[in-house]
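The residues making up each chain are set out below.
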Amino acid sequence: MKILLFGKNGQLGWELQRTLAPHGTISALDYAELDLQDFDALRKTVRELKPELIVNAAAYTNVDKAESESEKAFAINSTVPGILAEEAARIDAPLIHYSTDYVFDGSKGQPYTETDLPDPLNVYGKSKLAGEKAIQAVSGFHLILRTAWVYSLRGDGFVTKVLKWARQNETLRIVDDQVSNPTWARMLAEITSQVVARGTNIVRERKGLYHLAGGGYASRFEWAREILKLDPKSKEQTVKDLLPSPTSEFPTPAQRPLFSALDCSSWESNFGLNLPSWKDALGLAMDNPG
Ligand SMILES: NC(=O)c1ccc[n+]([C@@H]2O[C@H](COP(=O)([O-])OP(=O)(O)OC[C@H]3O[C@@H](n4cnc5c(N)ncnc54)[C@H](OP(=O)(O)O)[C@@H]3O)[C@@H](O)[C@H]2O)c1
């Protein structure tokens, strides 16, 4: 199978490049090969490569910066997925795309299902929701996978930041009123690849929108506590006190939903793939950082 992957250097894209490899010939792209804001070049690339499956892990993911770069966020998170859906439909190739828990406003107080109404609080969430709608407006075969709090042990995400802060400070304050599903990028890539391994027909048969994230949910404070506990080099930690704080103590340009955990039971029943608990996945991630 010829697979075209966008966002190969991102947290998820990097893992997908490895996990998708056994299932076909992969053309994996990022900035160096193609700036997605060049829409003509994007269309040309898909037309030339004629993939049998397109996987889009590229996105504008800087939630705070998006507030002042709205046009760019919408171009990458909304216009690009729309173009990919059109080009995929043109060559009858399924499209797998990722979206976010930040499409919700966090007021429900319990995990969101796919039938709950989105109402994003920030530009990033609005641009990602627009991307979902742009794909849905095209009658092709697509999987839109909403995920949450994606992390990897590479790069500069929440897990690596907590590990760094824990080596620089004696006291750490972490918000305890933001709750969602910590999701290991490798777990997400592996689950995606297990579906791809069954062939593109499964995407055709079960196309649609699904929630797909780490099992269970936690506050950022609980997540940080577990990171410190599972740190294989915990002797290097200088931190003595981990303290819970309200979001209001850390003002940011973008407002974030407080409770945006995703209910992934539809994914589990439709695809027969159980999602590991976020704690188990975190333990594996800490032991396998590469
Ligand atoms: N991270 C999270 O907590 C989170 C939560 C919920 C949902 N998601 C969704 O999950 C998916 C994967 O997220 P992630 O954390 O893996 O994202 P990521 O690490 O930020 O990776 C995104 C990739 O897209 C690339 N990209 C951005 N703009 C581009 C452009 N104009 N041309 C070419 N490449 C471009 C980035 O390149 P550069 O790095 O060079 O900019 C990066 O390699 C995304 O759809 C995201 O919205 C993420």
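Note: the structure precedes this text.
Report on the accompanying structure. (Residues numbered from 1 in each chain as written. Predicted model: local features only at pLDDT ≥ 70, side-chain atom pairs only at ≥ 80, totals over all residues. Heavy atoms only, no water.)

Focus on the nonpolar core
Within the largest apolar cluster, 68 residues are counted, with the highest numbers of intra-cluster contacts made by Leu 16, Val 55, Tyr 151, Val 159, Trp 223, Ile 227 and Trp 267. Among the elements that line this core, the one with the most residues is helix α6 (residues 185-197), at six residues. (Core = buried A, V, L, I, M, F, W, Y, C linked by side-chain atoms within 4.5 Å. Buried < 20%, exposed > 50% of the residue type's maximum accessible area, 1.4 Å probe, protein only. Helix = DSSP H or I, 4+ residues; strand = E, 2+ residues; numbered from the N terminus.)

A short note on helix α8 (residues 220-230)
Looking at α8, one finds that the buried residues are Arg 220, Phe 221, Trp 223, Ala 224, Glu 226, Ile 227 and Leu 228. Elements that come into contact with the buried residues of α8 comprise β6 (150-151), α5 (158-165), β7 (171-175), β11 (218-219), β12 (241-245) and α10 (278-287). (Contact = heavy atoms within 4.5 Å.)

Observations regarding unusual backbone geometry
The backbone of Asp 92 shows a phi angle near 55°, a positive value even though the residue is not glycine. Locating Asp 92 in the fold gives a position in the loop between α3 (70-90) and β4 (95-100). With relative accessibility at 46%, the residue Asp 92 sits in the partly exposed group. Backbone geometry at Trp 149 places phi at a positive 35°, although glycine is not the residue there. Tracing the sequence through the fold places Trp 149 in the loop between β5 (142-147) and β6. The class of Trp 149 is buried, set by a relative accessible area of 8%.

With respect to the sheet that holds strand β3 (residues 53-56)
Across the sheet, which stays open at both edges, the six strands sit in the order β2-β1-β3-β4-β5-β10 with parallel pairing between neighbours. Looking along the sheet, the strands with just one partner apiece sit at the ends: β2 (25-29) and β10 (208-211). Neighbour-to-neighbour, the strand axes of this sheet turn through a mean angle of 20°, independent of strand direction. Pairing of β4 with β5 involves six bridges; the strand directions are parallel. Bridge pairing links Thr 100 to Thr 147 in β5. Along the sheet, helix α1 (residues 11-19) makes contact with β1 (2-6), β2, β3 and β4, crossing β1 at roughly 160°. (Pairing = 2+ DSSP bridges. Axes fitted to C-alpha atoms, helices over the stretch in contact; angles between N-to-C directions.)

Details of the site of the ligand
Of all residues adjacent to the ligand, which total 24 residues, the nearest are Gln 11, Leu 12, Thr 61, Tyr 124 and Lys 128. Take Gln 11: an N or O atom from its side chain is 2.8 Å from an oxygen atom of the ligand. Separating a nitrogen atom of the ligand from a side-chain N or O atom of Tyr 31 is a distance of 3.3 Å. In isolation the ligand offers 900 Å² of accessible surface; the protein chains occlude 81% of this area. Secondary-structure elements contributing two or more residues to the shell around the ligand are α1, β4 and α4 (123-136). (Near = heavy atom within 4 Å. Polar contact = N/O pair within 3.5 Å; in protein donor to acceptor, adjacent residues only side chain to side chain. Areas by Shrake-Rupley, 256 points an atom, 1.4 Å probe, with all protein chains shown as cover.)

Comments concerning the packing of aromatic side chains
As enumerated under the stated definition, the model contains nine aromatic pairs in all. With 5.4 Å between their ring centres and 5° between their planes, Trp 149 and Trp 223 make a pair best called stacked. With Trp 149 in the loop between β5 and β6 and Trp 223 in helix α8, the pair connects residues that are 74 residues apart, well separated along the chain. Geometrically, the ring pair formed by Trp 267 and Phe 271 is stacked, given 4.1 Å between the ring centres and 20° between the ring planes. You can see Trp 267 and its partner Phe 271 sitting in helix α9 (residues 265-271), four residues apart, about one turn around the helix. The pair formed by Trp 267 and Phe 271 is uniform in burial state, with each residue classed as buried. Within the aromatic cluster, the residues linked to one another by ring pairs are Trp 149, Tyr 151, Phe 158 and Trp 223. Positioned over the ring face of Trp 149 is Arg 220, at 4.2 Å from the centre of the ring. Here the guanidinium or amino end of Arg 220 rests over the ring plane of Phe 158, the centre of that ring lying 5.0 Å away. (Phe/Tyr/Trp six-rings, centres within 6.5 Å; stacked < 30°, edge-to-face > 60°. Lys NZ or Arg CZ within 6 Å of the ring centre and 35° of its normal.)

Here's the deal with the pattern of salt bridges
Applying the stated criterion to the full structure yields 17 salt bridges. With its nearest N and O atoms 4.0 Å apart, the salt bridge here joins Arg 90 to Glu 87. Remark: Glu 87 and Arg 90 occur in helix α3; sequence separation between them is three residues, near one turn of the helix. The exposed category is assigned to Arg 90, whose relative accessible area is 53%. For Glu 236, the salt bridge identified is with Arg 167, shortest N-O distance 2.9 Å. With Glu 236 in the loop between α8 and β12 and Arg 167 in the loop between α5 and β7, this pair connects stretches of sequence that are 69 residues apart. Shared partners join several salt bridges into a network, and the residues in it are Arg 43, Arg 47, Glu 86, Glu 87 and Arg 90. (Salt bridge = Lys/Arg side-chain N within 4 Å of Asp/Glu carboxyl O.)

A look at the pairing of β4
Counting buried positions along β4 yields six of six residues, so the element is predominantly enclosed. The side-chain alternation of β4 yields two buried faces, one formed by Leu 95, His 97 and Ser 99 and the other by Ile 96, Tyr 98 and Thr 100. Bridge count for β3 against β4 is three bridges, and the pairing is parallel. Each bridged residue has a counterpart across the sheet, and for Asn 56 the counterpart in β4 is His 97. Handedness of the β3-α3-β4 crossover: right-handed. Once you follow β4 into α4 and on to β5, the crossover reads as right-handed. (Right-handed = clockwise from strand over helix to strand, strands pointing away.)

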